[in-house]
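So you can see what is in the structure, the chains are spelled out below.
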Amino acid sequence: MTTLAHYLKTHAVDAAVSDVITTITEVGKTISQLLKKGALADILGEAGNQNVQGEEQKKLDVLANDLLLEALAKNTHCAGVASEELDDATPANADGRLLVLFDPLDGSSNIDINMAVGTIFSILPYQRQGQTSENSDFLQAGQHQLAAGYLLYGTSTVLALTVADDVVMFSLDPDTNDYVLINDNVTIDADTSEYAINSSNYRYWLAPMQQYIDELIAGSDGVRGRDFNTRWVAAMVGDVHRILCRGGLFTYPFDTKYANKAGKLRLMYEANPMSLLIERAGGAATDATNRILDIIPTDIHQRVPVVLGSKNEVDYIKDLHVNHCK
Ligand code: AFP
């Protein structure tokens, strides 16, 4: 049996990165407990605040955010922390070598209905050691991430992590309270017949994305010549987990629903960490045409269209978009 602590120690993971991952995953145990108590812990319902994107925050979002922020700010390796829920990054220990970004509870609209939610995190290098970190220090392309992962609070609590070239998965053992390795080499098949998209936005998509979904729905009667199946968790962390487990295609594409949003998902808290996991598991991640991990952010809360998962489907969508522009 390999625990997370043993894995980090025996896989030559940088000591600072290892320590920050330990901090995040320890807080994850607390969040997991709070979620299990559900309504009994009096934690459900709106907190009365809105996050920086103008969305209602659930009370547990605030709690998870505060717990992570407090723990990471105390971590001596952490020079700054950015949360999806806060306008600005929080400077931590100027001598730290790392910057941490997180979405404390992705899929928070699932909390009240007892469905899966998760914590997503990304670790970047800090380039100005000794000086107080600022928002601009976080504006690094996703390819520079030193580690990324998520905690999925589902029927069990699972950690997916990449700290090297591969992706590994741990499950939180409720008896010992340890994360135990359950998959030491997560891989995604290049082909799939399963896809995830919120089809209610169909009329707002670009023509190539409408064509793609039309083709999948036509199934064996259309150009694809086989049937496809839809799954939608309404929490990216759940959809990405399914893809890491059995392949698939996930997209929250560009849409024209809100004039000032390029897509719904956040580049730095959702798209980048998930793209690193997906690529390292053998899949692909784009904004429909460009690799997500190459995007140089201009704002820590930037949004981006996302197409990720089984490589051949991601490439197929890219071809549809490129050909449409010719
Ligand atoms: P919340 O955390 O605000 O619930 O948003 C979750 C999310 O950003 C992402 O995890 C889902 O894939 C997506 O939104 C679901 O969006 P729809 O509301 O369109 O189903």
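The name given to the protein chain in an unreviewed UniProt entry is Fructose-1,6-bisphosphatase class 1, with the source organism recorded as Psychrobacter coccoides. One UniProt comment on the protein chain, placed under Pathway (unreviewed entry), says "Carbohydrate biosynthesis." Regarding the protein chain, the UniProt comment filed under Subcellular location (unreviewed entry) reads as follows: "Cytoplasm".

Participant: So what exactly am I meant to see when it comes to the nonpolar core here?
Facilitator: Nonpolar side chains in soluble globular proteins tend to end up buried together. By size, the foremost hydrophobic cluster in this structure holds 43 residues, and its most contacted members are Tyr150, Leu244, Phe250, Met274, Val306 and Leu308. Of all the elements, helix H6 (residues 267-280) adds the most residues to this core, at seven residues. Residue-level mapping places this core at the junction of two domains, with at least three residues from each of domain 1 (4-183) and domain 2 (194-325). What Phe250 contacts, discounting residues up to four positions off in sequence, is Ala196, Trp232, Met236, Asp239, Ile243, Leu265, Val306, Val307 and Leu308.

Participant: Can you help me understand the sheet that holds strand S6 (residues 117-125) in this one?
Facilitator: Hydrogen bonds along the backbone pair up the strands of a sheet, which may run parallel or antiparallel. Pairing is mixed across the open sheet formed by eight strands, whose spatial order is S4-S3-S5-S6-S7-S8-S9-S10. Pairing within the sheet leaves two strands with one partner each, and these edge strands are strand S4 (90-91) and strand S10 (179-183). Note: strand S9 (residues 168-172) against S10, four bridges, orientation antiparallel. Opposite Ser171, over in S10, you have Val180 as the bridge partner. Across the face of the sheet, helix H2 (residues 15-37) comes into contact with strand S5 (98-106), S6, strand S7 (147-153), strand S8 (157-162), S9 and S10 while running at roughly 15° to S7.

Basis of the calculations
- Residues numbered from 1 in each chain as written.
- Predicted model: local features only at pLDDT ≥ 70, side-chain atom pairs only at ≥ 80, totals over all residues.
- Heavy atoms only, no water.
- UniProt positions renumbered as here; feature names shortened; annotations may be inferred.
- Core = buried A, V, L, I, M, F, W, Y, C linked by side-chain atoms within 4.5 Å.
- Buried < 20%, exposed > 50% of the residue type's maximum accessible area, 1.4 Å probe, protein only.
- Helix = DSSP H or I, 4+ residues; strand = E, 2+ residues; numbered from the N terminus.
- Domains from an automatic or database assignment.
- Contact = heavy atoms within 4.5 Å.
- Pairing = 2+ DSSP bridges.
- Axes fitted to C-alpha atoms, helices over the stretch in contact; angles between N-to-C directions.

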